[in-house]
Amino acid sequence: MTKNNYRNDTKNIRAGNRKKLNNGFVNSPVYKGSTVLFNTVEDMQSKIKKKNEQTLFYGRFGSPSTFEFENAISDIDDAYSAVATASGTAAIVAALLAVLKTGDHILMTDSAYGVSRNLAKNLLNNMGITTTFYNPILTNKIKGLIRNNTRLIFIESPGSLTFEMQNIPILVDIAKKYSLITMIDNTWATSLFFKPINYGIDICIQSATKYIVGHSDAMLGVITTNKKYAKCVRESAHNLGSCPGPEDIYLGIRGLKTLSIRLNKHQENAIKVIEWLLKQKEIHKVLYPVLPEDPGHKIWKRDFKGASGLFGLILNNINRGLIYKMLNNLKLFNMGYSWGGYESLILPVNPEKNRDSYKWNHKDLTLRIHVGLEDPEDLINDLKDSFKILRM
Ligand SMILES: *Cc1c(COP(=O)(O)O)cnc(C)c1O
């Protein structure tokens, strides 16, 4: 893949622009297909050897648009290479299975996405791979959890549901000292706001379903790696058969074109909504590292270039029935899984049921909010209307 010196926004706009190949059309075609024809026996034989290196070989191994998407992400992530998968979850599984084997032990942040925790407790555990969950804010204590068979640290920062920031340079230092592989789920920040490979992380996964696709209309995942893990991760994704569909790849490439303006607007709108929320007496705490009073603020400011529109909210001691009524009454903040699309979402969540290494001490309800691209004044008015219910 050819590297260039463009900045992020230009890279994303240029990605996939293949004027000469597409008969002058700006966008690339959607390649649908399984069979790729070989010209000769020799052609076939040489491609069999290279099938795990972005070779047009058979549909499951990728099409020109799959490679275009992968190269675009690898480029903005400052990675060695990337492989696209059918979902963020498929990316996590392929990355873990690429490097782990029976008998291994891993350290996973207790604040990891629910599916990652679930994979560790079930799929990995059933394969004889054990997991210790670590407290995301006690970086130095992690040394005490390392065993002879520890192979990998699985990081997510900020954490799912609870939004703790992790001190990644320190974690990477510890990992290097003990020869551990580092893997991160970078879905919240995307490659635009945090570039893990530049921080010495080995393997990075993103659920492109979220901000990269950005319109809640496709499932897609991507793994970026440094040079050392490029081959085994690609082979693992291929072996698991987790190839993304052609339309979804196209939507991933298209999403990249507007990722930067969307992400910045999500951030701007989130900050406006949070400013209003913080003035309401029903709010106990907002979990968002952008806030100067957030415990992760210093790390966020040091390492990240921006924030997305997803944050947590803890309400004061309010009757759950009233909160549910308030949620049911919202017009613009709808309830549904996922996030990163153009629309605002809200969900009651249960971090207290999903933590092993520490207790989530808030008895009151935690909400997860995704601020979309609507006019922030309308979003605030929607909350204002529904908050009246909490005051009844
Ligand atoms: C949604 C999500 C995933 C899983 O992605 P899918 O594309 O839904 O499989 C992984 N990590 C994080 C942080 C997520 O929010």
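Above: the structure in question.
From a predicted model like this one, the values you see are computed outputs, not experimental measurements.

Further remarks concern the site of the ligand. Of all residues adjacent to the ligand, which total 14 residues, the nearest are G88, T89, D185, T209 and K210. One of the side-chain N or O atoms of T89 is found 2.7 Å from an oxygen atom in the ligand. A distance of 2.6 Å separates a nitrogen atom of the ligand from a polar atom in the side chain of D185. For the ligand, whose unbound accessible area comes to 390 Å², protein coverage reaches 93%.

Our next topic: unusual backbone geometry. Geometrically, the link from S157 to P158 is a cis peptide bond, its omega value of -5° lying close to zero. Even without being glycine, S216 reaches a positive phi, approximately 55°. Following the sequence through the fold, S216 ends up in the loop between strand 6 (203-207) and strand 7 (221-225). Assessed through its relative accessible area of 44%, S216 is described here as partly exposed.

This part takes up the side chain of S207. With respect to the helices and strands, S207 occurs in strand 6. By relative accessible area, which is 11% here, S207 ends up buried. Residue contacts for S207: discarding those within four places in its chain leaves G88, T187 and L220.

All right, on to helix 6 (residues 168-177) then. Within the sequence span of helix 6, burial applies to I168, L171, V172, I174 and A175. In an axial view of helix 6, the angular spread of the buried residues amounts to 160°, which keeps them on one side of the axis. The outward face of helix 6, more than 90 degrees from its buried face, is lined by the exposed residues D173, K176 and K177. Against the buried residues of helix 6 lie strand 3 (130-134), strand 4 (150-156) and strand 5 (181-185). Immediately beyond the C-terminal end of helix 6, within one or two residues, lies S179, with a positive phi of roughly 55°.

Before going further, it helps to spend a moment on the sheet that holds strand 8 (residues 283-287). Taken together, the four strands give an open sheet; going across it, the order is 8-9-11-10, and neighbouring strands pair in antiparallel fashion. In this open sheet, the two edge strands, each paired with only one partner strand, are strand 8 and strand 10 (345-349). Neighbour-to-neighbour, the strand axes of this sheet turn through a mean angle of 25°, independent of strand direction. Where strand 10 and strand 11 (residues 366-370) come together, five bridges link them in antiparallel fashion.

Moving on, we come to the sheet that holds strand 6. Strands pair in a sheet through their backbones, by hydrogen bonds, and they do so in one of two ways: parallel or antiparallel. Pairing within the open sheet is mixed, and its seven strands lie in the order 1-7-6-5-4-2-3. At either end of the open sheet lies a strand with only one pairing partner, and these are strand 1 (81-85) and strand 3. When strand polarity is set aside, the average angle formed by the axes of neighbouring strands in this sheet is 20°. Sheet topology note: the strand 5/strand 6 ladder contains three bridges and is parallel. By the bridge assignment for strand 6, I184 is matched with C204. Sitting on the sheet, helix 8 (residues 227-239) is in contact with strand 1, strand 5, strand 6 and strand 7, with an inclination near 20° to strand 1.

Together, V41, M44 and I48 make up an exposed nonpolar region whose accessible area comes to about 230 Å². Judged by relative accessible area, M44 falls into the partly exposed class, the value being 32%.

Two measures describe an aromatic ring pair: the distance that separates the ring centres and the angle between the ring planes. With the rule as written, the count across this model stands at nine aromatic pairs. Taking the centre distance of 5.2 Å and the plane angle of 85° together, the rings of F57 and F61 count as edge-to-face. Residue classification places F57 among the buried residues on the basis of a relative accessible area of 15%. A relative accessible area of 8% means that F61 is categorised as buried. An angle of 10° between the planes, with centres 4.6 Å apart, marks the rings of F194 and F304 as stacked. Taken as a pair, F194 in the loop between helix 7 (190-193) and strand 6 and F304 in the loop between helix 10 (297-303) and strand 9 (310-315) lie far apart in primary sequence, 110 residues in all.

Attention now goes to the nonpolar core. Grouped together as the largest cluster of nonpolar side chains are 82 residues, with contacts concentrated most on F69, W188, L277, Y288, F311, M326 and F387. Among the elements that make up this core, the one with the highest residue count is helix 9 (residues 246-277) (11 residues). Both of domain 1 (8-255) and domain 2 (260-390) provide at least three residues apiece to this core. When neighbours within four sequence positions are excluded, Y288 is seen to be in contact with W188, Q267, A270, I271, I274, D294, A307, S308, L310 and F311. I92, L119, Y229 and V233 belong to the second largest nonpolar core, which has 27 residues in total.

All right, on to the pattern of salt bridges then. By the definition in use, this model includes 16 salt bridges. Of the charged contacts in the structure, one is a salt bridge between E70 and R234, with a shortest N-O distance of 2.5 Å. With E70 in helix 3 (residues 64-76) and R234 in helix 8, this residue pair connects regions lying 164 residues apart in the sequence. Since its relative accessible area comes to 2%, E70 is described here as buried.

Following both chains from N to C, one finds helix 3 and helix 9 inclined at 35°, their axes separated by 9 Å at the closest point. Where helix 3 crosses over helix 9, the two elements pack in a sense that is left-handed. Taking contact as the criterion, the partners of S65, T66, E68, F69, A72, I73 and I76 in helix 3 are, on helix 9, I249, G252, I253 and L256. Partitioning the contact of helix 3 with helix 9 into residue classes produces seven nonpolar, three polar and one charged.

Parameters and conventions
Residues numbered from 1 in each chain as written. Predicted model: local features only at pLDDT ≥ 70, side-chain atom pairs only at ≥ 80, totals over all residues. Heavy atoms only, no water. Near = heavy atom within 4 Å. Polar contact = N/O pair within 3.5 Å; in protein donor to acceptor, adjacent residues only side chain to side chain. Areas by Shrake-Rupley, 256 points an atom, 1.4 Å probe, with all protein chains shown as cover. Helix = DSSP H or I, 4+ residues; strand = E, 2+ residues; numbered from the N terminus. Buried < 20%, exposed > 50% of the residue type's maximum accessible area, 1.4 Å probe, protein only. Contact = heavy atoms within 4.5 Å. Arc of directions from axis to C-beta. Pairing = 2+ DSSP bridges. Axes fitted to C-alpha atoms, helices over the stretch in contact; angles between N-to-C directions. Patch = residues over 30% accessible without salt bridge, like charges linked within 9 Å, V, L, I, M, F, W, Y side chains within 5 Å. Salt bridge = Lys/Arg side-chain N within 4 Å of Asp/Glu carboxyl O. Phe/Tyr/Trp six-rings, centres within 6.5 Å; stacked < 30°, edge-to-face > 60°. Core = buried A, V, L, I, M, F, W, Y, C linked by side-chain atoms within 4.5 Å. Domains from an automatic or database assignment. Left-handed = near helix turned anticlockwise from the far one by under 90°. Nonpolar A, V, L, I, M, F, W, Y, C, P; charged D, E, K, R; others polar.

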